[in-house]
Amino acid sequence: MSENTHKSTLPVKILLPASGKLFFQHKPDFVFCKPHLMPLKSITVEKLEKMQLEAQKLRCKTAQS
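Below you will find a few notes about this structure. (Residues numbered from 1 in each chain as written. Predicted model: local features only at pLDDT ≥ 70, side-chain atom pairs only at ≥ 80, totals over all residues. Heavy atoms only, no water.)

Turning to the overall build of the protein chain, a few remarks are in order. Within the protein chain, the regular secondary structure consists of 1 helix and 0 strands. Counting every position in the protein chain, which comprises 65 residues, the buried fraction comes to 0%. For the protein chain, the computed accessible surface area is about 8100 Å², with 63% contributed by carbon and sulfur atoms. (Helix = DSSP H or I, 4+ residues; strand = E, 2+ residues; numbered from the N terminus. Buried < 20%, exposed > 50% of the residue type's maximum accessible area, 1.4 Å probe, protein only. Areas by Shrake-Rupley, 256 points an atom, 1.4 Å probe, with all protein chains shown as cover.)

Bringing the pattern of salt bridges into the picture now. A side chain of one charge can pair with a side chain of the opposite charge when the charged atoms of the two come close. Applying the stated criterion to the full structure yields 1 salt bridge. Note that Glu 49 is salt-bridged to Lys 41, the shortest N-O span being 3.0 Å. With relative accessibility at 36%, the residue Glu 49 sits in the partly exposed group. (Salt bridge = Lys/Arg side-chain N within 4 Å of Asp/Glu carboxyl O.)

Taking 1.5 Å per residue, 22 residues should reach 32 Å; helix H1 (residues 43–64) reaches 32 Å between its end C-alpha atoms and fits that length. Little of H1 is tucked away: 0 of the 22 residues are buried. (Expected span 1.5 Å × (residues − 1).)

Written out as structure tokens, the structure is:
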């Protein structure tokens with residue numbers, strides 16, 4: 001078993017093609033955007049709540065007089 005565990009120190013020879021084309025293809029990765037803060041309430045909902053609050057104030061004024 002100890003015979004198979006020794007390491008060889010033979011150099012590795014790199015082979016490049018003599019003819020043809022050598023190319024590298026870049027594969028694009030996913031590009032993530034920055035996170036955006038989203039409002040909890042939309043502008044339309046805020047406008048409706050403001051209109052309802054104003055209408056409620058007017059009702060209170062008219063009920064008191």
